Number of protein chains: 2
Amino acid sequence: MVLSSRDDLKALVKEIQPVNRLVMEQAQARLDNLTKPRGSLGELEVLARRICGIQDTIRPALGRKIILTFAADHGVAMEGVSSVPQAVTRQMVANFLRGGAGVNVLARHVGAEVWVIDVGVAAEINEAGLISRKVRAGTANLAQGPAMEVAEALQAMGVGVETARAAISKGARILGTGEMGIANTTPSAALFAALLGVKVEEITGRGTGIDDATLNHKIAVIKRALAINQASLQDPLASLAALGGFEIAAICGMILECARSRVAVVVDGFISSAGALVALQLAENAGDYCFFSHMSAEQGHRIFFDKLGLSPLLHLNMRLGEGTGAALAMGLIEAGVKIINEMATFAEAGVSA
Amino acid sequence: MVLSSRDDLKALVKEIQPVNRLVMEQAQARLDNLTKPRGSLGELEVLARRICGIQDTIRPALGRKIILTFAADHGVAMEGVSSVPQAVTRQMVANFLRGGAGVNVLARHVGAEVWVIDVGVAAEINEAGLISRKVRAGTANLAQGPAMEVAEALQAMGVGVETARAAISKGARILGTGEMGIANTTPSAALFAALLGVKVEEITGRGTGIDDATLNHKIAVIKRALAINQASLQDPLASLAALGGFEIAAICGMILECARSRVAVVVDGFISSAGALVALQLAENAGDYCFFSHMSAEQGHRIFFDKLGLSPLLHLNMRLGEGTGAALAMGLIEAGVKIINEMATFAEAGVSA
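In every chain, residue numbers begin from 1 and rise along the written sequence. Each chain is given a letter, starting from A, and each ligand a number, starting from 1, according to the order in which they appear as written. In view of the model being predicted, local features appear only for residues whose pLDDT reaches at least 70, and side-chain atom pairs are presented and counted only at 80 or more, with totals across whole chains, interfaces and linings using the full set of residues. Water and hydrogen atoms play no part in the side-chain values, which are based on all heavy atoms of the structure.

## Points about the relation of the copies chain A and chain B
For the least-squares superposition of copies, only C-alpha atoms count, and only for residues with pLDDT at least 70 in both. It takes a turn of 180° to lay chain A on chain B, together with a shift of 0.0 Å along the axis; the resulting RMSD is 0.0 Å. Such a combination of rotation and displacement between the chain copies is what one expects of a two-fold axis. Across chain A, the rotation axis passes nearest the C-alpha of A:Leu314, at a separation of 3.4 Å. Most of the interface of chain A is mirrored in chain B: 100% of its interface residues are interface residues there too. We call two residues in contact whenever any of their non-hydrogen atoms come within 4.5 Å of each other.

As structure tokens, this is what we get:
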């Protein structure tokens, strides 16, 4: 799908419906009739119930599980906000395509596939399996002006919509977000600061592992970005364009498309949450379809959850991104789905209720 | 293995060695050389490192994954401490053997097997697949005197040792604890109170879901049990005999045998933790081999972790037991093992370190 205007985006958002609360009640009734004390499977029951509400059935199926890992580069890397050279973005894309990265290992572990999409890497990549949808070879430096034009942000969101739709058309009923982009905790923290109204010092963390001096510099860079782009921070889309990245925009679009298609979407970590935040501010109902996988070790992630009143599934002190947290959480969501589908009822098992 | 005396137990405990810390350092060096920022896979790296220390290799393998679910009844059920009739213990054993219970679904999900052992159910059970090692048809009522003789507790521990050894001999390199026994949060809370020196009111919870009046009654019953058995609460083994259950003793024995055999053991929930606590008090090094799967919704579980300075892997508000939490945690531990075995190094992937 091409998003060529704000009107296209509005039309997409308008199609997003809330999940079926009545089916969720029916799902809980079934869960209460399975051979266990009521509610004793805790979050697994919550997950199963929500999948039922999303899929409009109390016998849900996840089909293929697919993680979409969007890669892009960031002009702000030139400010020295990361300890890792920009070339690592394309090197890691190659690693994803050859199956050697963390997300590959964890996706295989839970029976998921990884699709890798170049939405803006600052290098030509000729690797088999890559989905090439480059908007531009990296964003502009957000500390000097807008990272993207609004039209580019819409184009990157459209890549997310298109690839999510392709995955769904191939049988996926649960998607996971993933990303790669050296320096991308910087645009993410800038977006959280702008859209949540929190202090830059609180939301900004160490990313791949920067030292105190670099952290202070990163905070100063983000403050400069917020100041120079202040006129654009009036609405979520304009903020995304001014401060975000192509992969963050693509994740935002992917989440909107999953919600429109009534497909569960598992949100990975800190950077994916920035994309999710834009999606939630554009489309309130989109939250019904989002499963937040884990609390990142990146310091600002807790603030995001606190501000939104949400709790992630896992607390494993991870901070790798790529879709690694989404992969693990997919395994838990599938466990919940199997509980409602496969456990015996009291009557079936001859167990006193 | 028959444990027929305290000396047999001492001999077993004496064979338990600490894990190999040098191999754990070598494992971390390998983890630091994989294509990710150092430490960015958080707890998965901690898990992988410890499995390496347990198995004495930086290329570990989990082999078969087996959950041992021990079932037994409790004389204290006659005090009305549970909302569920005692007959449900044997009914659920049949459900386990037919594959319809929560632990079966979650074990299948992670590729684990469930072995079901009758170590003291108050009924004859003729079901294919059951491992029959009944010590007695339920414990005595701990509110009126000792639940077990010390010799019976040793016998039940021996069942745990024997079945763990059988699973290991068949290729298991990770075992999970599980249990079924109506009323068994009562002996568990009593054991925690006695062995951790915490208040009965704080450690006692609602089990399958009792109301306020029954909870107050349960607290009074536990206080009576502690008073009447006070002379036996001098050491872990005597406390286990006076207050415990056959399944709790079996779990204790199973953990000791895993530690002796240098095999990882995943501890399920509140009741399994009571068995683990006895094992840790008997054998300090046994803790090196224990992976605590989750924080149960049963209120006292948090106190157990706080007192021991431990953190469980998962926080999913579960309180079913059976081995359900152990199953899910096995999946995470396996994820950690795959990370160290399957991820590409910087050199292999051509990624700048």
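From this point on, the discussion continues.
## Observations concerning helix α9 (residues 212-228) of chain A
Residues and elements named next belong to chain A. Only DSSP runs of H or I reaching four residues or more are called helices, and only runs of E reaching two or more are called strands; each is numbered from the N terminus. Expected helix span is given by 1.5 Å per residue-to-residue step, counting one fewer step than there are residues. Spanning 17 residues, α9 covers 24 Å between terminal C-alpha atoms, matching the ideal 24 Å at 1.5 Å per step. Only protein chains enter the accessibility calculation, which uses a 1.4 Å probe. A residue is then buried if its area is under 20% of the maximum for its type, exposed if over 50%, and partly exposed in between. Along α9, the positions that sit buried rather than exposed are Leu 215, Lys 218, Ile 219, Val 221, Ile 222, Ala 225 and Leu 226. Looking straight down α9, one finds its buried side chains confined to an arc of 160°; they lie on one side. Opposite the buried face of α9, at more than 90 degrees from it, the exposed residues are Ala 213, Asn 216 and Ala 227. Residues of α9 that are buried sit in contact with α7 (185-196), α8 (200-203) and α10 (236-243). For this quantity, the arc is that covered by the directions from the helix axis to the C-beta atoms.

## Regarding the sheet that holds strand β3 (residues 131-132) of chain B
All names here are of chain B. Only when DSSP finds a minimum of two bridges between them are two strands counted as paired. As summarised here, the arrangement of the six strands in space is β3-β2-β1-β4-β5-β6, forming an open sheet in which the pairing is parallel. Each having just a single partner strand, β3 and β6 (290-292) make up the two edges of the open sheet. Orientation is described by axes fitted as lines to C-alpha atoms, over the contacting stretch for helices, and by angles from 0 to 180 degrees between their N-to-C directions. Where helix α3 (residues 42-55) meets the sheet, its contacts fall on β4 (172-180), β5 (264-267) and β6, and the angle it forms with β6 comes to roughly 160°.

## Some points on the sheet that holds strand β6 (residues 290-292) of chain A
Strands pair in a sheet through their backbones, by hydrogen bonds, and they do so in one of two ways: parallel or antiparallel. Residue and element names in this part refer to chain A. Strand order in the open sheet formed by six strands is β3-β2-β1-β4-β5-β6, with parallel pairing between adjacent strands. Looking at strand neighbours, the two that pair on one side only are β3 (131-132) and β6, the edges of this open sheet. Taken together, the three bridges between strand β4 (residues 172-180) and strand β5 (residues 264-267) define a ladder with parallel strand orientation. What sits directly across from Gly 176, in β5, is Val 266.

## Here we look at the packing of aromatic side chains
Residue and element names in this part refer to chain A. Any two of the Phe, Tyr and Trp rings considered here, Trp counted by its six-membered ring, make a pair once their centres fall within 6.5 Å; the pair's planes then place it as stacked at under 30 degrees, edge-to-face at over 60, or tilted in between. Evaluation of the coordinates by the stated rule reveals 10 aromatic pairs over all chains. Taking 5.0 Å as the distance between ring centres and 55° as the angle between the ring planes, the aromatic pair formed by Phe 192 and Phe 270 counts as tilted. With Phe 192 in helix α7 and Phe 270 in helix α12 (residues 270-282), this residue pair connects regions lying 78 residues apart in the sequence. Residue Phe 270 is classed as buried on the basis of its relative accessible area of 4%. For the pair Phe 292 and Phe 305, a centre-to-centre distance of 5.8 Å together with 85° between the ring planes defines the contact as edge-to-face. Placement of the pair is Phe 292 in strand β6 and Phe 305 in helix α13 (residues 301-308), with a sequence separation of 13 residues. The pair Phe 292 / Phe 305 is uniform in exposure class, with both members buried. Three or more aromatic residues link up through ring pairs in this structure, and these residues are Phe 192, Phe 270, Phe 292, Phe 304 and Phe 305. Placement of a positive charge over a ring is assigned whenever Lys NZ or Arg CZ falls within 6 Å of the ring centre and within 35 degrees of the normal to the ring plane. In this structure, Arg 50 packs its charged tip against the face of Phe 291, placed 3.9 Å from the ring centre.

## Remarks on the interface of chain A and chain B
It is common to report an interface's size as the accessible area lost on association of the parts. Across the boundary between the two partners, chain A contributes 47 residues, which contact 47 residues of chain B. As a working definition, buried area equals the accessible area (1.4 Å probe) given up by two parts on being put together, with both sides summed. Summing both partners gives a buried area of about 3,800 Å² for chain A against chain B, and 63% of it is carried by carbon and sulfur. Here B:Arg108 makes a salt bridge to A:Glu342, at a shortest N to O gap of 3.1 Å. Think of a polar contact as two N or O atoms within 3.5 Å of one another; within protein, one of them needs to be a possible hydrogen donor and the other a possible acceptor, and neighboring residues in sequence only count if both atoms come from side chains. Summed over the shared surface of chain A and chain B, the result is 18 residue pairs in polar contact (both at pLDDT 80 or more). Elements represented by at least two residues in the side of chain A that touches chain B include exactly α3 (42-55), α4 (87-98), α5 (102-110) and α14 (324-342) of chain A. The element contributing the most residues to the side of chain A that touches chain B is α14(A), with nine residues. Taken together, the residues that form the side of chain A that touches chain B break down as 22 nonpolar, 16 polar and nine charged. Here, a salt bridge means any Lys or Arg side-chain nitrogen found within 4 Å of an Asp or Glu carboxyl oxygen. Classification used: nonpolar for Ala, Val, Leu, Ile, Met, Phe, Trp, Tyr, Cys and Pro, charged for Asp, Glu, Lys and Arg, polar for all others including Gly.

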